[in-house]
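For reference, the chains in residue letters:
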Amino acid sequence: MKGSEVQSSGLVMTEDDTVLAERLRRGDHEAMAELFGRYADPVYNFCFRRVASWNLAEDVMSQVFLEVWRVRERAVAYGGSLMPWLYTVAENVCRNAARGARRQRALAGRLQLVRLVDAEDHADGVARRLDEESRMSELLVAVDRLSRRDRQILMLVAWDGLTYLQVAQALDIPVGTVRSRLSRARKRVAALMDEGEK
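In what follows, the accompanying structure is described. (Residues numbered from 1 in each chain as written. Predicted model: local features only at pLDDT ≥ 70, side-chain atom pairs only at ≥ 80, totals over all residues. Heavy atoms only, no water.)

Here we look at the packing of helix H5 (residues 148-159) against helix H6 (residues 164-171)
Close contact between H5 and H6 brings their axes to 10 Å; oriented N to C, the two are set at 140 degrees. It follows from the interaxial angle that H5 and H6 lie oblique. As H5 runs across H6, the sense of the crossing is right-handed. Here H5 contributes Arg149, Gln152, Ile153, Leu156 and Val157 to the contact with H6, which in turn contributes Tyr164, Val167 and Leu171. (Axes fitted to C-alpha atoms, helices over the stretch in contact; angles between N-to-C directions. Helix = DSSP H or I, 4+ residues; strand = E, 2+ residues; numbered from the N terminus. Parallel < 35°, antiparallel > 145°, perpendicular 65-115°, else oblique. Left-handed = near helix turned anticlockwise from the far one by under 90°. Contact = heavy atoms within 4.5 Å.)

Considerations on the pattern of salt bridges
For the coordinates displayed, the defined rule picks out 10 salt bridges. Across the pair Arg38 and Glu34 runs a salt bridge, and its minimum N-O distance is 3.9 Å. Remark: Glu34 and Arg38 occur in helix H2 (residues 29-51); sequence separation between them is four residues, near one turn of the helix. You can call Glu34 partly exposed: its relative accessible area is 26%. Measuring nitrogen to oxygen at the nearest pair gives 2.6 Å for the salt bridge that ties Arg70 to Glu67. Of the two residues, Arg70 and Glu67 are both situated in helix H3 (residues 54-70); the distance of three residues between them amounts to about one turn of the helix. Arg70 sits in the exposed class, given a relative accessible area of 53%. Through salt bridges with shared partners, one network takes in Asp17, Arg23, Asp28, Glu34 and Arg38. (Salt bridge = Lys/Arg side-chain N within 4 Å of Asp/Glu carboxyl O. Buried < 20%, exposed > 50% of the residue type's maximum accessible area, 1.4 Å probe, protein only.)

Structural notes on the packing of aromatic side chains
Summed over all chains, the structure comprises two aromatic pairs. Ring geometry for Phe36 and Phe65: centres 4.9 Å apart, planes at 70 degrees, overall edge-to-face. You can see Phe36 sitting in helix H2 and its partner Phe65 sitting in helix H3, a full 29 residues away along the chain. For Phe36, a relative accessible area of 37% translates into the label partly exposed. Between Phe46 and Tyr87, the ring centres sit 4.5 Å apart and the planes meet at 10 degrees, which makes this aromatic pair stacked. Of the two residues, Phe46 is situated in helix H2 and Tyr87 in helix H4 (residues 83-144); the sequence distance between them amounts to 41 residues. (Phe/Tyr/Trp six-rings, centres within 6.5 Å; stacked < 30°, edge-to-face > 60°.)

Things to note about the packing of H2 against H3
Look at H2 against H3: their axes get within 8 Å of each other, and the N-to-C directions meet at 140 degrees. In terms of orientation, H2 and H3 fall into the oblique class. In this structure, the crossing between H2 and H3 has a hand that is right-handed. Residue-level inspection shows His29, Met32, Leu35, Phe36, Tyr39, Ala40, Val43, Tyr44, Asn45, Cys47, Phe48 and Val51 of H2 in contact with H3, the latter providing Trp54, Leu56, Ala57, Glu58, Val60, Met61, Val64, Phe65, Val68 and Trp69. A breakdown of the residues in the contact of H2 with H3 according to their chemical character gives 19 nonpolar, two polar and one charged. (Nonpolar A, V, L, I, M, F, W, Y, C, P; charged D, E, K, R; others polar.)

Things to note about the nonpolar core
Ranked by size, the top nonpolar core spans 30 residues in total, and within it Leu35, Val64, Phe65, Val68 and Trp85 carry the most contacts. Sorting the residues of this core by element identifies helix H1 (17-25), H2, H3 and H4 as the ones contributing at least two each. Per-element tally for this core: the top contributor is H2, with nine residues. Not counting residues up to four positions away in its chain, the partners in contact with Trp85 are Leu24, Val68, Val71, Arg72, Arg74, Ala75, Val76 and Tyr78. Ala142, Leu156, Leu192 and Met193 belong to the second-largest nonpolar core, a separate cluster that totals 17 residues. (Core = buried A, V, L, I, M, F, W, Y, C linked by side-chain atoms within 4.5 Å.)

Let's talk about the environment of Gly80
Mapped onto the elements of the fold, Gly80 is located in the loop between H3 and H4. Along the chain, Gly80 and Asp16 lie 64 residues apart, while their C-alpha atoms are 6.0 Å from each other.

What about the state of the cysteines?
As used in these notes, a disulfide is a covalent bond between sulfur atoms, one from each of two cysteines. This structure, assessed with the given rule, holds zero disulfides. The thiol sulfur of Cys47 is not disulfide-bonded, and the nearest other cysteine sulfur, from Cys94, lies at 3.6 Å. A residue is classified by how much of its surface remains accessible, and Cys94, at 2% relative accessible area, is buried. (Disulfide = S-S within 2.5 Å.)

Below you can see the structure in the form of structure tokens.
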């Protein structure tokens, strides 16, 4: 039934939306309550058909009626019905809500992707660190099997980044000796590492 029922002289009359729109424009809170009572369900269904989520439709419907109150001075009944005007307001609110929901989903997707990348990076990092630790343990066992002087030269050049000349000066030996011992140490460590992998 369109309009609310009012009792006047024992007769039941139906107030059409034109009068309700006028009351609404004057800021009548009871008119707003009547409008909500009359049109909440149709506006809710309208919103659902626009946003495709019952929960979001409920939120949007509430926003529609907040917006209706905010722009109440523009209330107009077309052909005795406020529905076209309500649907116009609802359409605008739904469009904004749908845009916001898309942005939120996109952000959530990016955050999920970041979480997945972080999780993968973390898992990869843990696996890599474990592999590196295992490999380093094997390497240290192999390096420990070198003579003290060969181990020193290998560590100073390969791990500490000193030049042959710097190592020669630090150990007070000829540069040629550094080269030959380093070459021998590298071959020996490689052989020991290969042995360990078998």
